[in-house]
Amino acid sequence: MAKHINGINPDILKWARERSGYTVEAIAAFLKKGVSIINDWESGERAPTYIQLEKLADKYKRPIAIFFFPEPPEEPNIIENLALRSSDNTPLEPRIHILLRQAYARQFSLMELNMGKNPAEMKIFRDLQARPNDSAMALAQQARAYLNVDVTTQTSWNTTVKAFENWRDRVEEAGVFVFKEAFQDDSVDGFCLRHDEFPVIYLNNSRPSVRQIFSLFHELAHLLIGQNGLIQSNIFHGGIFRGGTIQAIEDFCDQFAGEFLVPSNDFENRLNFFTNYNDKTIEELAHYYKVSRPVILLKLVKKGILTRENYWQRINQWVEEYKYQIQGKTGRKTSSGGSYYNTRATYLGYRFMELAFGKYRDGHCSVEQLAEHLNVKVKHLPQLEDCLLRKALR
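Source: prediction; values computed, not measured.

What counts and what doesn't
- Residues numbered from 1 in each chain as written.
- Predicted model: local features only at pLDDT ≥ 70, side-chain atom pairs only at ≥ 80, totals over all residues.
- Heavy atoms only, no water.
- Helix = DSSP H or I, 4+ residues; strand = E, 2+ residues; numbered from the N terminus.
- Buried < 20%, exposed > 50% of the residue type's maximum accessible area, 1.4 Å probe, protein only.
- Contact = heavy atoms within 4.5 Å.
- Areas by Shrake-Rupley, 256 points an atom, 1.4 Å probe, with all protein chains shown as cover.
- Expected span 1.5 Å × (residues − 1).
- Salt bridge = Lys/Arg side-chain N within 4 Å of Asp/Glu carboxyl O.
- Axes fitted to C-alpha atoms, helices over the stretch in contact; angles between N-to-C directions.
- Parallel < 35°, antiparallel > 145°, perpendicular 65-115°, else oblique.
- Left-handed = near helix turned anticlockwise from the far one by under 90°.
- Nonpolar A, V, L, I, M, F, W, Y, C, P; charged D, E, K, R; others polar.

> Just to check I follow, could you spell out the overall build of the chain for this structure?
When helices and strands are counted, the chain shows 19 helices and five strands. Within the chain, buried positions represent 49% of all 394 residues. Considering only contacts in the chain between residues 6 or more positions apart, those separated by 24 or more positions represent 69%. A total of about 20100 Å² of accessible surface is found on the chain, and carbon and sulfur atoms cover 49% of it.

Structure below.
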């Protein structure tokens, strides 16, 4: 019979579970134990075996040693500081809790790799600081001028994937590191964590490229007003249809992203090419600006060309069409379309990889530290560096 181990701090058992977003019931089901047993562990009346503790450590993504600390380590409760885009306060999935901790760790990696100083010559999060009651449209125009991308350049990018890559590069050039991950939760599009030197944006790689583009600039708006943010995809009202329970800050960030990606002056000129505004027209405009159809639809509503009723009618129609398209795909496994190394390179971003490998080559970190910064095993580093070199040769 397996022995229960002594010295585990029950307060840390509870702290680790709560910080990972799990309920007592979820952990009981995971370990195939009764809820009362988990409660007893967290109250100190009983203790898990070493094998059970290993399973908990893996589930919570914590080192085993932490459960023997005299008290929980100092760690900011990131969830409490997020501006949640949700009308019903739905709890975040544990996977999102883990990614938030990962993002926080990435900021520490950036601090260590850069000796505490952001290497970007231009830092948009300092130069364009704003307040929530400022004009979102004016801030979007300033940000676009700051990133130095005109509409002609934007519309020359022939695919939304290419558009995202270019936008990401411009944002990172301005001092904000952008990471991607498989959130395993399509209800969350992305989030950002502010920092005096290294603000970061995380995007859900499972979402379409057009949605990632919008989320990128929604989160950039959060950073420009100095706030953490998280964008959930269950609502896209563009800042005019939401109820009072949704924070006004989210409306501001939506308006910023919409104006940044589809500048009103250019949009008005573009409308002269069209005589009606059916689905084909909306699709053409969305393709032209490399944005989603709801962004264009919202622009037409705000100009008074379409009504709110038109907006909801089309949104509901598109939702039903999407459901129909994926009906036959449920339960099937699909290929990710690329190698593990290409995927990791995409998630990390080539700018961050170049920084990390550069510090390693200069002798400022060990190979083990490099693997830790990149969150991969040491054996995967050569193939990952190969992806970086191939990118540089393009």
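Picking up after the structure, the text goes on.
> Honestly, helix α11 (residues 248-261) in this entry has me stumped. Any pointers?
It helps to recall that an α-helix has 3.6 residues per turn; residues three or four apart then point in one direction. End to end, α11 covers 20 Å across 14 residues, agreeing with the expected 20 Å (1.5 Å per residue, within 8%). Of all 14 residues that make up α11, twelve are buried, and the element is covered over most of its length. For α11, every residue scored as buried is listed here: Ile-249, Glu-250, Asp-251, Phe-252, Cys-253, Asp-254, Phe-256, Ala-257, Gly-258, Glu-259, Phe-260 and Leu-261.

> What's the story with the pattern of salt bridges in this structure? I'm lost.
As a working rule, side chains carrying opposite charge can pair if their charged atoms are close by. Going through the model one piece at a time under the given rule, you end up with 20 salt bridges. Linking Glu-172 and Arg-351 is a salt bridge whose minimum nitrogen-to-oxygen distance equals 3.7 Å. Of this pair, Glu-172 sits in helix α9 (residues 160-173) while Arg-351 is found in helix α17 (residues 350-361), placing the two residues 179 residues apart along the sequence. Notably, a salt bridge pairs Arg-194 with Asp-196, separated by 3.1 Å at the nearest N-O pair. A relative accessible area of 55% places Asp-196 in the exposed class. Where salt bridges share partners, they join Arg-168, Asp-169, Glu-172 and Arg-351 into one cluster.

> I keep staring at the packing of α9 against helix α10 (residues 209-224) and nothing clicks. Help me out?
Working note: a packed helix pair is described by the angle between its axes plus the distance between those axes. Their axes nearest at 9 Å, the elements α9 and α10 cross at an angle of 20 degrees. On the basis of the axis angle, α9 is roughly parallel to α10. As for the relative orientation of α9 and α10, their crossing is left-handed in sense. Taken together, the residues of α10 that come into contact with α9 (itself represented by Thr-160, Val-161, Ala-163, Phe-164, Trp-167, Arg-168 and Val-171) are Ser-209, Val-210, Gln-212, Ile-213, Leu-216 and Phe-217. In terms of residue class, the contact of α9 with α10 is made up of nine nonpolar, three polar and one charged.

> It is not clear to me how helix α5 (residues 94-113) should be interpreted in this structure. Could you clarify?
Over its 20 residues, α5 extends 29 Å from the first C-alpha to the last, a length consistent with the 28 Å expected when each residue adds 1.5 Å. In terms of residue burial, α5 counts as a mostly covered element, since 14 of its 20 residues are buried. Just past α5, the residue Met-115 takes up positive phi, approximately 50 degrees.

> Quick question: what am I supposed to make of unusual backbone geometry here?
Glycine aside, the phi torsion of most residues is negative, and most peptide linkages are trans. Its identity is not glycine, yet Asn-148 carries a phi of approximately 60 degrees, on the positive side. Phi is positive for Lys-290, which is not a glycine, with a value near 60 degrees. Position of Lys-290 among the secondary structure elements: in the loop between α13 (279-289) and α14 (293-302).

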